[in-house]
Amino acid sequence: MSCFRVQKWRTFAHRWFLYDAYMQCPMLSGELLASYLTGSRKRIYDPRGDCGDSVIVFNSRYIAAKDNSLYWRRFLYTHHTRFGPYRVEETMEEMHARDPTEVLRREVRSHLKNWTGRPDWLARLHIFADGIEVDFWFPVLDTFFVSDFVVPLRNSLPVCSPSQIQTLPKELIKNVSGVIRQVLPVPRRLEAYSVEEINAYPKLFDWPENYAARPLSAYTKPRPRAGKVSTVTETKI
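All figures in this text were calculated on a predicted structure; none of them were measured in a lab.

J.: Which residues make up the overall build of the protein, and what are the values?
T.: Per the secondary structure count, the protein includes nine helices and eight strands. For the protein, the residues scored as buried account for 33% of the 237 residues in total. Contacts in the protein between residues far apart in sequence, at least 24 positions, make up 71% of those at least 6 positions apart. By element, 54% of the accessible surface of the protein is carried by carbon and sulfur atoms, the whole surface being about 16900 Å².

Here it is, written out as structure tokens:
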């Protein structure tokens, strides 16, 4: 009977998951993380019970919304202050600049039902703006193949000062027992390719050595924007 008792403990155990938000859509990530917080992915899920797990999210500073330019400036988040001016609107770009973890927290909260357990679910969500320091490592991470998902601290990106970098504390990493797969494939940056890979990439054509780009005529010039004057000069490639 002791084996069944241990199996029951493992079934109803509270687990800790790790999620890398680097270059991930906050909308799709919020829907995925909400299912882990509520425990709806488990077979023993019961809305009247407590089946949720804890989730640790890192690299929330480097999330990527669709269109990545206009969508950041057009999508609005509203907040009611309960005193004048009452309703406050803030774009995704402004909110992310103010707090790099707030956009992802808002998206996760939007996918959680407005029940009495909603504050408890949000309390299990731990979001950090930056990555994991590579100075320490734990055997449990190698056991669950976290080395393929964990991205080291990105100090090379000029997005914040060193005093504003938020890394994961060691106390939370010790509790991790699994990894959540990312919702989108992470694109590879150009500086990540070596010179040999760039030279081996097939080319469509090669420019001749004496090639020179002619200036566009008045009939083929694109119409300049309002307040801007387009100047076309002869360039050699």
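J.: Please give an account of unusual backbone geometry that cites residues and values.
T.: Positioned with a positive phi, Met23 is a non-glycine residue whose angle comes to about 55°. Within the secondary structure, Met23 is located in the loop between strand 1 (16-20) and helix 2 (26-38). Here Arg82, not a glycine, exhibits a phi torsion of approximately 70°, which is positive. Tracing the backbone shows Arg82 in the loop between strand 3 (76-80) and strand 4 (87-91).

J.: So what's going on with a nonpolar patch on the surface? Residues and values would help.
T.: Judged by side-chain polarity, Leu190, Tyr193 and Ile198 come together as a nonpolar surface patch covering roughly 310 Å² of accessible area. The residue Ile198 is located in helix 9 (residues 195-200) in this model.

J.: Describe helix 2, and please don't skip the residues or the numbers.
T.: Taking 1.5 Å of rise per residue, the 13 residues of helix 2 would be expected to cover 18 Å, and the 18 Å separating its terminal C-alpha atoms lies within 8% of that figure. Within helix 2, 11 of the 13 residues are buried, which leaves the element mostly enclosed by the surrounding structure. Within helix 2 the residues assigned to the buried category are Pro26, Met27, Ser29, Gly30, Leu32, Leu33, Ala34, Ser35, Tyr36, Leu37 and Thr38. Positive phi shows up at Gly39, right after helix 2, with a value of about 80°.

J.: Describe the pairing of strand 3, naming the residues involved and giving the relevant values.
T.: Relative to strand 4, strand 3 runs antiparallel, the two being bridged by five bridges. Paired with Tyr77 across the bridge in strand 4 is Glu90. Here strand 3 folds back onto strand 4 in antiparallel fashion, the turn holding six residues, of which Arg82 has a positive phi close to 70°.

J.: Give me the sheet that holds strand 2 (residues 54-58): which residues, what numbers.
T.: Strand order in this open sheet of four strands is 5-2-1-6, and the pairing throughout is parallel. Both outer strands of the open sheet, strand 5 (125-127) and strand 6 (178-179), are each paired with one neighbouring strand and no more. Pairing geometry for strand 1 and strand 2, over five bridges, is parallel. Directly across from Trp16, in strand 2, lies its bridge partner Ser54.

J.: How would you sum up the side chain of Ser29? Please name residues and give values.
T.: Note that Ser29 resides in helix 2. Side-chain polar atoms of Ser29 contact the backbone oxygen of Cys25, separated by 2.8 Å. Apart from residues lying up to four places away in sequence, Ser29 is in contact with Tyr19, Gln24, Leu104 and Val183.

J.: Quick one: what's the story with the pairing of strand 2, residue by residue and with numbers?
T.: Burial runs high along strand 2: five of the five residues are buried. A two-sided burial pattern is seen for strand 2, the buried positions comprising Ser54, Ile56 and Phe58 on one face and Val55 and Val57 on the other. Following the chain from strand 1 across helix 2 to the adjacent parallel strand 2, one finds a crossover that is right-handed. Bridge count for strand 2 against strand 5 is three bridges, and the pairing is parallel. Paired with Ile56 across the two strands is His126, which belongs to strand 5.

Rules of the game
Residues numbered from 1 in each chain as written. Predicted model: local features only at pLDDT ≥ 70, side-chain atom pairs only at ≥ 80, totals over all residues. Heavy atoms only, no water. Helix = DSSP H or I, 4+ residues; strand = E, 2+ residues; numbered from the N terminus. Buried < 20%, exposed > 50% of the residue type's maximum accessible area, 1.4 Å probe, protein only. Contact = heavy atoms within 4.5 Å. Areas by Shrake-Rupley, 256 points an atom, 1.4 Å probe, with all protein chains shown as cover. Patch = residues over 30% accessible without salt bridge, like charges linked within 9 Å, V, L, I, M, F, W, Y side chains within 5 Å. Salt bridge = Lys/Arg side-chain N within 4 Å of Asp/Glu carboxyl O. Expected span 1.5 Å × (residues − 1). Pairing = 2+ DSSP bridges. Polar contact = N/O pair within 3.5 Å; in protein donor to acceptor, adjacent residues only side chain to side chain. Right-handed = clockwise from strand over helix to strand, strands pointing away.

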